Amino acid sequence: MPAGSGTDTPVFAEPWQAQAFALAVALHQRGLFSWSEWAAALSKEVASPDAADDGSDYYQHWLAALEALLVAKGVAGPELIDALSSSWQRAARATPHGHPVSLENDPERAR
């Protein structure tokens, strides 16, 4: 479940969670998938046997559901998704604290 449940608690524990949420909404609004397709994909991920009992991995399931839909709809293959994920992770490690993470910070990315 989202981190925030009270009015003083943020809804998202991390900025990337808000971005994953916004991405799902934007892709739905652009017609990539219906809301029922989204609900089915997310439900499948949340019900996976390795899901945390306390819901702490809720937005990890959002990402997995988005990735599954991107593959199912032919938007991106698993290889591209994995490559971009790795690039973002390298960029995050290479970005100085307090600065925005950008793919240009990936040391392996061609400039």
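Residues numbered from 1 in each chain as written. Predicted model: local features only at pLDDT ≥ 70, side-chain atom pairs only at ≥ 80, totals over all residues. Heavy atoms only, no water.

Novice: How would you summarise the packing of helix α1 (residues 15-29) against helix α3 (residues 58-72) if you had to cite specific residues and measurements?
Specialist: For any two helices packed against each other, the geometry is given by the interaxial angle and the distance between the axes. For the pair α1 and α3, the least separation of the axes is 10 Å and the interaxial angle reads 35°. Once α1 is placed against α3, the crossing between them reads as left-handed. Packed against α1, whose contacting residues are Trp16, Gln17, Ala20, Phe21, Leu23, Ala24 and Leu27, the element α3 presents Tyr59, Gln60, Trp62, Leu63, Leu66 and Leu70 at the interface. Partitioned by chemical class, the residues of the contact of α1 with α3 number eleven nonpolar, two polar and no charged. (Axes fitted to C-alpha atoms, helices over the stretch in contact; angles between N-to-C directions. Helix = DSSP H or I, 4+ residues; strand = E, 2+ residues; numbered from the N terminus. Left-handed = near helix turned anticlockwise from the far one by under 90°. Contact = heavy atoms within 4.5 Å. Nonpolar A, V, L, I, M, F, W, Y, C, P; charged D, E, K, R; others polar.)

Novice: Help me get a handle on the environment of Tyr59, residues and values and all.
Specialist: For Tyr59, the position within the fold is in helix α3. For the pair Tyr59 and Val46, spaced 13 residues apart in sequence, the C-alpha to C-alpha distance is 9.5 Å.

Novice: Which residues make up the packing of helix α2 (residues 35-46) against α3, and what values go with them?
Specialist: Two elements in contact, α2 and α3, have axes separated by 8 Å at closest approach and are oriented at 125°. Judged by the inter-axis angle, α2 sits oblique to α3. The hand of the α2/α3 crossing is right-handed. Residue-level contacts link Glu37, Trp38, Ala41, Leu42, Glu45 and Val46 of α2 to Tyr58, His61, Trp62, Ala64, Ala65, Leu66 and Leu69 of α3. The residue inventory of the contact of α2 with α3, partitioned by class, reads ten nonpolar, one polar and two charged. (Parallel < 35°, antiparallel > 145°, perpendicular 65-115°, else oblique.)

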